[in-house]
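# Residue-level structural notes
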Amino acid sequence: RSTLFPYTTLFRSLADSILEMCIDVRYKKISGMLGFGASWHTLKNDLPINQTVWKKEASSNLSFVYLNAGYLVIDSKRWSIYPFAGIGFTGFSAVQKDIDQDEKLKKLHLNSFFTQVGVGFDWKFSSGYTLYGSLSGRVSLRYSYRMPRFNTPHQSMEGAQHIITLSYGIGGRDIRRKM
């Protein structure tokens, strides 16, 4: 689960809860993260855009994908700390019910490539062994600072996003792994 702390007019206009999935691959001290997610929002305020007004209480969808690279500064048996940086893409859309009422909402042009930086903290624990290796789990807390560049010259698109993500992951390692 991720929570978005808004610093733009657009994000102050939305309720904030995001469903996200991240595939995290680690090799020695290098970490790679491919993430994607979506959220469904309700506008808290009217939002003037595209020569129309996106009405308060209307629904919206947000989707995003990103790719990060990180370095495991601390990688002990129980803890990991890693800074990361990456790029991604995000886009907003109105729901079909609202588009049917106002055709100008069909092409909002609320899309953005973004860069992001952040830091992650993992608490790791062992879950057991399989025929091929060990099975482990972890609870992660990640902070991301995302800098979108929306392709619309609208004042509500200015600013950055602060995202805190709490997640749970499972994975495995070959028993023959050398540190």
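Just so you know, these numbers come straight off a predicted model, no measurement behind them.

## Here's the deal with the pattern of salt bridges
- Taken as a whole, this structure holds six salt bridges when the rule is applied.
- The closest approach of N and O atoms between Arg26 and Asp122, which form a salt bridge, is 2.6 Å. Of this pair, Arg26 sits in strand β2 (residues 19–27) while Asp122 sits in strand β9 (residues 111–129); the two residues are 96 residues apart in sequence, bridging distant segments of the chain.
- Judged by relative accessible area, Asp122 falls into the buried class, the value being 0%.

## Side note on unusual backbone geometry
- A positive phi angle, close to 55°, is found at Lys28, a residue other than glycine.
- Mapped onto the secondary structure, Lys28 falls in the loop between β2 and β3 (30–42).
- Classification of Lys28 by relative accessible area gives exposed; the value is 57%.

## Regarding the confidence of the model for the protein
- Per-chain confidence: the protein averages 78 in pLDDT, with 77% of residues scoring 70 or above.
- Taken as a whole, residues 1–10 scores under 50 in pLDDT and shows 43 contacts with residues more than four places along the chain or in a different chain.

## Some thoughts on the packing of aromatic side chains
- The full count for this structure, using the stated rule, is five aromatic pairs.
- Ring geometry for Tyr82 and Phe84: centres 6.4 Å apart, planes at 35°, overall tilted.
- Classification of Tyr82 by relative accessible area gives buried; the value is 0%.
- Looking at Phe84, the relative accessible area reads 4%, which means it is buried.
- Each member of the aromatic cluster is reached from another via a ring pair, and the members are Trp123, Phe125 and Tyr168.

## Quick look at the nonpolar core
- In terms of nonpolar packing, the biggest core is built from 17 residues, with Trp54, Ala94, Leu105, Leu108 and Leu110 touching the most fellow members.
- Elements that contribute at least two residues to this core include exactly β4 (47–49), β6 (59–71) and β8 (79–94).
- Among the elements that line this core, the one with the most residues is β6, at three residues.

## Quick word on the side chain of Asp75
- Its place among the elements puts Asp75 in strand β7 (residues 74–75).
- Residue Asp75 is classed as buried on the basis of its relative accessible area of 18%.
- Within the structure, the side chain of Asp75 is placed 2.6 Å from the side chain of Lys124, a separation counted as a polar contact.
- Non-local contacts of Asp75, meaning those with residues more than four positions away in its chain, are made with Lys28, Lys29, Ser80 and Lys124.

Cut-offs applied
Residues numbered from 1 in each chain as written. Predicted model: local features only at pLDDT ≥ 70, side-chain atom pairs only at ≥ 80, totals over all residues. Heavy atoms only, no water. Salt bridge = Lys/Arg side-chain N within 4 Å of Asp/Glu carboxyl O. Helix = DSSP H or I, 4+ residues; strand = E, 2+ residues; numbered from the N terminus. Buried < 20%, exposed > 50% of the residue type's maximum accessible area, 1.4 Å probe, protein only. pLDDT = per-residue confidence, 0-100. Contact = heavy atoms within 4.5 Å. Phe/Tyr/Trp six-rings, centres within 6.5 Å; stacked < 30°, edge-to-face > 60°. Core = buried A, V, L, I, M, F, W, Y, C linked by side-chain atoms within 4.5 Å. Polar contact = N/O pair within 3.5 Å; in protein donor to acceptor, adjacent residues only side chain to side chain.

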